[in-house]
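Structural features, examined
One letter stands for each residue in the lines below.
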Amino acid sequence: MERLQKVLAEAGVASRRKCEELITAGRVEVNDQVVTTLGVKVDPSQDFIKVDGRPIRRQAKVYVIFNKPKGVITSAKDPEGRKTVTEFFKNMKERIYPIGRLDYDTEGLLLLTNDGDFAHLLTHPKHHVPRTYLATVKGIPHGTQLDKLRNGIELDDGMTSPAEVEYQDVDMDKKEAVIKITIYEGRNRQVRRMFDAIHHPIIKLKRVQFGPLQLSGLPRGKFRHLTPQEVEELRNEALSAGGGKTHKIQKGE
Ligand code: URA
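Just so you know, these numbers come straight off a predicted model, no measurement behind them.

What follows is about helix H4 (residues 143–151). Buried within H4 are the following residues: Gln-145, Leu-146 and Leu-149. Down the axis of H4, the sector holding all buried residues measures 100 degrees, keeping them to one side. Residues of H4 that are buried sit in contact with strand S13 (164–171), strand S14 (176–183) and helix H5 (190–197). Of the residues one or two after H4, Gly-152 is the one with positive phi, at around 115 degrees.

Below is the structure:
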């Protein structure tokens, strides 16, 4: 059984909040009875649901990997009028939304779906799904500075959990380095703040891997549907990473 507003949102009627308004406005019927209270649960495979007298259509679940370009915002609408990720999916009949977010200036791997449970599973902090980034930074960080990132570093919202960090490329002329970093949490602007904390601010940031899924081969601004096997692998990663399989839990966690 699922909450009525969730079923409506997943059928593409509107956002969950808007669907709550439709319910309280008396525009939603379940098995020919108008429902106006919010806690009602329904069985989407059994119950007959209508909005404004029209039956809702259940949507197939959609899972997409997208190579987000820099200069695109990870939300449905932007009050400042900047380009949003949803503009890349205008022709898709299902209403999908991003799983987590990437900053406006960050490019790379972004997953989108209309499966709320799947999105919740992958982004829940207790599941520690690894995310790998290539960070081009100002200056060449010393090995001891990278150790600080490996061991956990104090940010204004607390210590980070241990990360995997390695040099990918060093350009002595330009005085820049590309560092590959894998983190197991998804705090706001986390990678940028970690490099700020060791005084090597990020020039360019790209996410190249999420759990077992890699970006490789997908052109910038393009997307493709995940295979059922990839969806399963991501689900398994979230469930097993939560048990600490790939994440070495260290003191203090
Ligand atoms: N960390 C950041 O700083 N930015 C992102 O977009 C993702 C992770």
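Back to the text.
On the surface, a cluster of nonpolar side chains totalling about 350 Å² of accessible area is made up of Ile-140, Tyr-167, Val-170 and Met-172. Its place among the elements puts Tyr-167 in strand S13. What makes Tyr-167 partly exposed here is its relative accessible area of 36%.

The next point concerns the sheet that holds strand S2 (residues 28–30). Strand order in the open sheet made by the four strands is S3-S2-S5-S6, with antiparallel pairing throughout. The open sheet has two free edges, formed respectively by strand S3 (33–34) and strand S6 (54–55), since each of these has just one partner strand. By the bridge criterion, two bridges tie strand S5 (residues 49–51) to S6 in an arrangement that is antiparallel. Each bridged residue has a counterpart across the sheet, and for Lys-50 the counterpart in S6 is Pro-55.

In the neighbourhood of the ligand, the contacting residues comprise Leu-102, Asp-103, Thr-106, Tyr-133, Arg-189, Gln-190, Val-191, Arg-192 and Leu-205. Within the backbone of Arg-189, a nitrogen or oxygen atom sits 3.3 Å from an oxygen atom of the ligand. One nitrogen or oxygen atom from the main chain of Gln-190 is found 3.4 Å from an oxygen atom belonging to the ligand. Its free accessible area being 240 Å², the ligand has 96% of it covered by the protein chains.

Accessible area lost when the parts come together is the quantity often used to give the size of an interface. Taken domain by domain, the chain holds domain 1 (2–55), domain 2 (63–125 + 215–242) and domain 3 (127–213). Between the C-alpha centres of domain 2 and domain 3 the distance comes to 21 Å. Taken residue by residue, the interface counts 24 residues in domain 2 and 18 residues in domain 3. The junction of domain 2 with domain 3 conceals about 1900 Å² of combined surface from both sides, 56% of it contributed by carbon and sulfur atoms. Contact with domain 3 buries surface across domain 2, with Asp-103, Glu-107 and Leu-109 losing the most and accounting together for 25% of the total. The tally of links between domain 2 and domain 3 comes to two salt bridges.

Strand residues, when the strand is regular, have side chains that alternate between the two faces of the sheet. Where burial is concerned, most of strand S7 (residues 63–68) is hidden: six out of the six residues are buried. Of the two faces of S7, both are covered, the one formed by Tyr-63, Ile-65 and Asn-67 as well as the one formed by Val-64, Phe-66 and Lys-68. In this structure, S7 lies alongside strand S9 (residues 106–113), joined through six bridges in antiparallel fashion. Counterpart to Lys-68 in the pairing with S9 is Gly-108.

Moving on, we come to the confidence of the model for the chain. Confidence in the prediction for the chain averages 91 pLDDT; 95% of positions are at 70 or higher. Counting interchain partners and residues more than four positions distant, the pLDDT-below-50 stretch residues 243–253 has 17 contacts.

For the rest of this paragraph, the subject is the pairing of S14. Judged by how many residues are buried, S14 sits mostly within the fold: six of eight residues are covered. By the bridge criterion, eight bridges tie strand S10 (residues 131–138) to S14 in an arrangement that is antiparallel. Bridged to Arg-131 within S14 is Ile-183. The pairing of S13 with S14 spans seven bridges and is antiparallel. Opposite Tyr-167, over in S14, you have Ile-179 as the bridge partner.

So, about the nonpolar core. Residues Val-64, Leu-112, Leu-149, Ile-181, Val-191, Met-194 and Phe-195 are the most contacted members of the largest nonpolar core, which totals 30 residues. Going through the elements one at a time, S7, S9, S10, H4, S14, H5 and strand S15 (202–210) are the ones with two or more residues in this core. Element by element, the count of residues in this core is highest for S14, at four residues. Taken together, domain 2 (63–125 + 215–242) and domain 3 (127–213) each give at least three residues to this core, which thus spans both. Not counting chain neighbours up to four residues away, the residues in contact with Val-64 comprise Phe-89, Met-92, Ile-96, Leu-110, Leu-111, Leu-112, Phe-223, Arg-224, His-225 and Leu-226.

Criteria and cut-off values
Residues numbered from 1 in each chain as written. Predicted model: local features only at pLDDT ≥ 70, side-chain atom pairs only at ≥ 80, totals over all residues. Heavy atoms only, no water. Buried < 20%, exposed > 50% of the residue type's maximum accessible area, 1.4 Å probe, protein only. Helix = DSSP H or I, 4+ residues; strand = E, 2+ residues; numbered from the N terminus. Arc of directions from axis to C-beta. Contact = heavy atoms within 4.5 Å. Patch = residues over 30% accessible without salt bridge, like charges linked within 9 Å, V, L, I, M, F, W, Y side chains within 5 Å. Areas by Shrake-Rupley, 256 points an atom, 1.4 Å probe, with all protein chains shown as cover. Salt bridge = Lys/Arg side-chain N within 4 Å of Asp/Glu carboxyl O. Pairing = 2+ DSSP bridges. Near = heavy atom within 4 Å. Polar contact = N/O pair within 3.5 Å; in protein donor to acceptor, adjacent residues only side chain to side chain. Domains from an automatic or database assignment. Buried area = accessible area lost by both parts, 1.4 Å probe. pLDDT = per-residue confidence, 0-100. Core = buried A, V, L, I, M, F, W, Y, C linked by side-chain atoms within 4.5 Å.

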